[in-house]
Amino acid sequence: MNLHYEVISDDKIECCREVCNELMAYQKAKSSITPELFDNMNFDTRMVPSIKKALSNFIVVVKDDDKIVGYVYSNISPKETYSNEFATFFDLSSVSKNNVGCLSQFYIREGYRQYGVGSKLFNMSMDWLKHFDNVEDYFIFVSNGNHDALKFYQRKGFTVSHDILDGFITVLRNSK
Ligand SMILES: CC(C)(COP(=O)(O)OP(=O)(O)OC[C@H]1O[C@@H](n2cnc3c(N)ncnc32)[C@H](O)[C@@H]1OP(=O)(O)O)[C@@H](O)C(=O)NCCC(=O)NCCS
């Protein structure tokens, strides 16, 4: 393995298409509560609009030589972003500042997991999220059935807040 980490700009996200779509398929495979909700979720419907809507984005890809083997995508967004026609992700009044941070998408290809790559990407994301002075609340949304990811985030200090959409998503949060 010849791994290296690259922060990429918003206009270069096309390179994440394949890994983003793999993440959606992975989550659907793990899910038992309304897995069909994933059918409309892909790079074009999730990552592209999210990047456009957010105030600031942070994307890191991991490459093995030239091949992308994982990525993490985090953003800073107005808290109102999380109350929409799809769901109310959290009680907006529980967040004192206008904006929140979110670790939004995270995927390491099979064969590259359990080597510390995820921890490295997670730490890079948290360092980035925490440098915004006007943000105090951080969220991660985990789809049902993904127990490994849930435990990973809990080991990293996030706590389960509540479930939404009848258990389709578990909301994890942390604060400064
Ligand atoms: C969740 C995910 C991103 C974690 O990435 P990862 O690279 O496997 O994570 P790490 O290797 O850093 O850590 C996982 C565990 O592996 C073990 N580990 C880490 N480094 C290790 C090493 N060098 N040797 C052996 N084990 C190691 C540890 O038990 C670690 O647990 P910790 O959290 O207590 O440190 C990855 O498993 C993944 O992409 N899963 C599929 C997609 C997914 O679920 N995404 C999340 C959507 S919300």
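Residues numbered from 1 in each chain as written. Predicted model: local features only at pLDDT ≥ 70, side-chain atom pairs only at ≥ 80, totals over all residues. Heavy atoms only, no water.

Some thoughts on helix α1 (residues 17-30)
Next up, step 1: Between its first and last C-alpha, α1 extends 20 Å over 14 residues, near the 20 Å set by a 1.5 Å rise per residue.
Next up, step 2: Of all the residues in α1, the buried ones are V19, C20, L23, M24 and Q27. Down the axis, α1 shows its buried residues gathered within 145° of arc, on one side only. Those residues of α1 that are exposed and angled more than 90 degrees off the buried face are E18 and A29.
Next up, step 3: Check the buried side of α1 and you find it contacts α2 (43-53), β3 (67-78), β4 (99-108) and β5 (135-143). (Helix = DSSP H or I, 4+ residues; strand = E, 2+ residues; numbered from the N terminus. Expected span 1.5 Å × (residues − 1). Buried < 20%, exposed > 50% of the residue type's maximum accessible area, 1.4 Å probe, protein only. Arc of directions from axis to C-beta. Contact = heavy atoms within 4.5 Å.)

A word on the site of the ligand
Next up, step 1: Around the ligand sit 19 residues in total, of which I108, G116, G118, S119 and R155 are the nearest.
Next up, step 2: In the environment of the ligand, an oxygen atom lies 2.7 Å from a nitrogen or oxygen atom belonging to the backbone of G118.
Next up, step 3: Residue S119 places a side-chain N or O atom 2.5 Å away from an oxygen atom belonging to the ligand.
Next up, step 4: In isolation the ligand has 930 Å² of accessible area, and contact with the protein removes 72% of it.
Next up, step 5: The set of elements that each furnish at least two residues to the shell around the ligand consists of α1, β4, α3 (117-130) and α4 (147-155).
Next up, step 6: Top element by residues in the shell around the ligand is α4. It accounts for four residues.
Next up, step 7: For the shell around the ligand, the class distribution of residues is ten nonpolar, six polar and three charged. (Near = heavy atom within 4 Å. Polar contact = N/O pair within 3.5 Å; in protein donor to acceptor, adjacent residues only side chain to side chain. Areas by Shrake-Rupley, 256 points an atom, 1.4 Å probe, with all protein chains shown as cover. Nonpolar A, V, L, I, M, F, W, Y, C, P; charged D, E, K, R; others polar.)

Notes on the sheet that holds β4
Next up, step 1: Pairing within the open sheet is mixed, and its seven strands lie in the order β1-β2-β3-β4-β5-β7-β6. On the outer flanks of this sheet lie β1 (3-8) and β6 (159-164), each paired with one strand and no other. With strand direction ignored, the average angle separating the axes of adjacent strands in the sheet is 25°.
Next up, step 2: Bridge count for β1 against strand β2 (residues 56-64) is six bridges, and the pairing is antiparallel. Each bridged residue has a counterpart across the sheet, and for V7 the counterpart in β2 is V60.
Next up, step 3: Docked against the sheet, α2 engages β2, β3 and β4, running at close to 45° with respect to β3. (Pairing = 2+ DSSP bridges. Axes fitted to C-alpha atoms, helices over the stretch in contact; angles between N-to-C directions.)

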